[in-house]
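An overview of the molecular structure
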Amino acid sequence: MQMKVGSMLVKSRVITEAQLEEALKNQVIFGGKIGTNLIELGYLTPEKLAEFLSKNKGVPAIDSRQLESIRAEVIALIPVEIVKKHLVIPVSVDKKRLTIAMADPADLATVDKISFMTGMYIIPVVIPEIMLITAMERYYKIKRETRYIAITRDMRREARVEESVEINEIPAPPTPAKAKAEEKEEFIEIPEFDGFDNTEIPDEPEPVAIEAEAEVEAEVKVKIEVEEGYSLTDMCSSLAGATSRDAIGEALMEYLRRKHFRAALFLPKEPVITGWLAAEEAGYVNNFGDVRIELSAPSLFMQVIETKNFCMGQLLSTTDLKAASSIGAKDHPA
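The present account deals with the structure reproduced in this document. Just so it is clear, the structure is predicted and the values come from calculations on it, not from any experiment.

**Section: the overall build of the protein chain**
- Secondary structure assignment for the protein chain yields 15 helices and seven strands.
- If you take every contact in the protein chain between residues at least 6 apart in sequence, the share linking residues at least 24 apart comes to 55%.
- Summing over all exposed atoms, the protein chain offers an accessible surface of approximately 20,700 Å²; the carbon and sulfur share of this is 53%.

**Observations regarding the environment of leucine 9**
- The residue leucine 9 is located in helix H1 (residues 5–11) in this model.
- The class for leucine 9 is buried, based on a relative accessible area of 0%.
- Taking the C-alpha atoms as reference points, leucine 9 and asparagine 56, separated by 47 residues in sequence, lie 9.9 Å from one another.
- The residues contacting leucine 9, other than those within four sequence positions of it, are Val14, Ile15, Leu38, Leu44 and Phe52.

**Some points on the nonpolar core**
- Grouped together as the largest cluster of nonpolar side chains are 48 residues, with contacts concentrated most on Leu38, Ile62, Ile78, Ile89, Leu98, Ile114 and Tyr140.
- With residues up to four places along the chain from it excluded, the contact list for isoleucine 62 reads Leu67, Val91, Ala101, Val125, Val126, Ile127, Pro128 and Met131.
- Counting residues in hydrophobic clusters, the runner-up holds 17 residues, among them Ala251, Leu252, Leu256 and Ala279.

**Some remarks on the side chain of threonine 319**
- Relative to the helices and strands, threonine 319 resides in helix H15 (residues 318–325).
- If sequence neighbours within four positions are ignored, threonine 319 has contacts with Ile293, Glu294, Leu295, Ser296, Ser299 and Phe301.

**Re the sheet that holds strand E1 (residues 88–94)**
- What the three strands build is an open sheet, ordered E1-E2-E3; its pairing is mixed. The sheet terminates laterally at E1 and strand E3 (121–126), the two strands that pair on one side only. Each adjacent strand pair in this sheet contributes to an overall mean axis angle of 25°, direction not counted.
- Pairing of strand E2 (residues 97–102) with E3 involves six bridges; the strand directions are parallel. Bridge assignment links isoleucine 100 to a residue of E3, and that residue is proline 124.
- Relative to E2, helix H7 (residues 108–118) is tilted by about 140°, and along the sheet it contacts E1, E2 and E3.
- Across the face of the sheet, helix H8 (residues 129–140) comes into contact with E1 and E2 while running at roughly 70° to E1.

**Quick notes on the pairing of strand E5 (residues 272–280)**
- For E5, the buried fraction is high: eight of the nine residues fall into the buried class.
- Inspection of the sheet shows strand E4 (residues 263–269) paired to E5 by seven bridges, in the antiparallel sense. Looking across to E5, one finds that leucine 265 is bridged to leucine 277.
- Between the antiparallel neighbours E4 and E5 lie two residues.
- As paired elements, E5 and strand E7 (residues 292–294) share three bridges and run antiparallel to each other. Counted as the bridge partner of threonine 274 is arginine 292 from E7.
- One ladder, built from two bridges, connects E5 with strand E6 (residues 283–284); its direction is antiparallel. Directly across from alanine 279, in E6, lies its bridge partner tyrosine 284.
- Hairpin geometry of E5 and E6 is characterised by an intervening segment of two residues between the two adjacent antiparallel strands.

**What to know about the environment of isoleucine 327**
- Structurally, isoleucine 327 is set in the segment after H15.
- Taking the C-alpha atoms as reference points, isoleucine 327 and alanine 263, separated by 64 residues in sequence, lie 7.6 Å from one another.
- Apart from the residues within four sequence positions on either side, isoleucine 327 is in contact with Arg262, Ala263, Ala264, Ala278, Glu280, Val285 and Phe288.

**Description of the side chain of threonine 118**
- For threonine 118, the location among the structural elements is in helix H7.
- Residue classification places threonine 118 among the buried residues on the basis of a relative accessible area of 16%.
- Engagement of the side chain of threonine 118 in a polar contact is seen with the backbone oxygen of isoleucine 114, the distance being 2.7 Å.
- Reaching out from threonine 118, the side chain makes a polar contact with the backbone nitrogen of methionine 120 at a distance of 3.3 Å.
- Setting aside chain neighbours within four positions, we find threonine 118 in contact with Leu77 and Leu98.

Thresholds applied
Residues numbered from 1 in each chain as written. Predicted model: local features only at pLDDT ≥ 70, side-chain atom pairs only at ≥ 80, totals over all residues. Heavy atoms only, no water. Helix = DSSP H or I, 4+ residues; strand = E, 2+ residues; numbered from the N terminus. Contact = heavy atoms within 4.5 Å. Areas by Shrake-Rupley, 256 points an atom, 1.4 Å probe, with all protein chains shown as cover. Buried < 20%, exposed > 50% of the residue type's maximum accessible area, 1.4 Å probe, protein only. Core = buried A, V, L, I, M, F, W, Y, C linked by side-chain atoms within 4.5 Å. Pairing = 2+ DSSP bridges. Axes fitted to C-alpha atoms, helices over the stretch in contact; angles between N-to-C directions. Polar contact = N/O pair within 3.5 Å; in protein donor to acceptor, adjacent residues only side chain to side chain.

Here it is, written out as structure tokens:
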């Protein structure tokens, strides 16, 4: 199994295990590549990430100055549909040699496709996700997702500081107070969660009572609503007011544990998955963060990681059953 970027960064001592753990939690909630999440948390700079990716993939890294003034005739060489689909952007042309910045310069099929399309020899260079997304918006008008706006704003601020002061240390992550203040500068958007369906929650069943008084029926309905407690609306309100990833995880789990008999949130951290939060009928599972399960194929976990899509089905593999048993499932783990 190929080692992921996060694990390689830890192995190379560019970041710590704790920083990777925090970035993985961020990634579970907001998505994006692990490098983008590390930049967002302040554990890595785009330049440092580009340098690391260059060494790891064996291709040159993009120079941020190359992205400042790409000529219109160069941009016109690759249509917007190809840019969006393959996450590439043309940078420069030298006779019949076209330099393109790619999120995955090892994607030889895309390199061949662009070479055939343009009739040029392709020179791929690696580019971090956040720099690519910013360039795509600037030159192709491909709108960024809301979460990337704050990151690029901080990058511009740091760039202005670096013009007069040489910075040798990676900036510390923003304090909760600072993050909350900056959130007010941007409109707040509740992130989409692929694991939830969008169907409406059915109304609470009317209590059955023959010739019951209206007041009695109302009291029974109120009691049922109190017992149910935490609705989808409550979860959304909690997410909107959350100021940390742990608060987001708790908001999700409060909803999930009322909707399902057992529920758990795991973090993929190759070559294992680690526990984050879990709950069963009796309440939250203690010390679930200590759970470590080795990834092995075939498993539903590997299917979700590789396809980046949700999966619904019976748990069959050893990995899936072990994960289920960690939250109390035995005879019927599904």
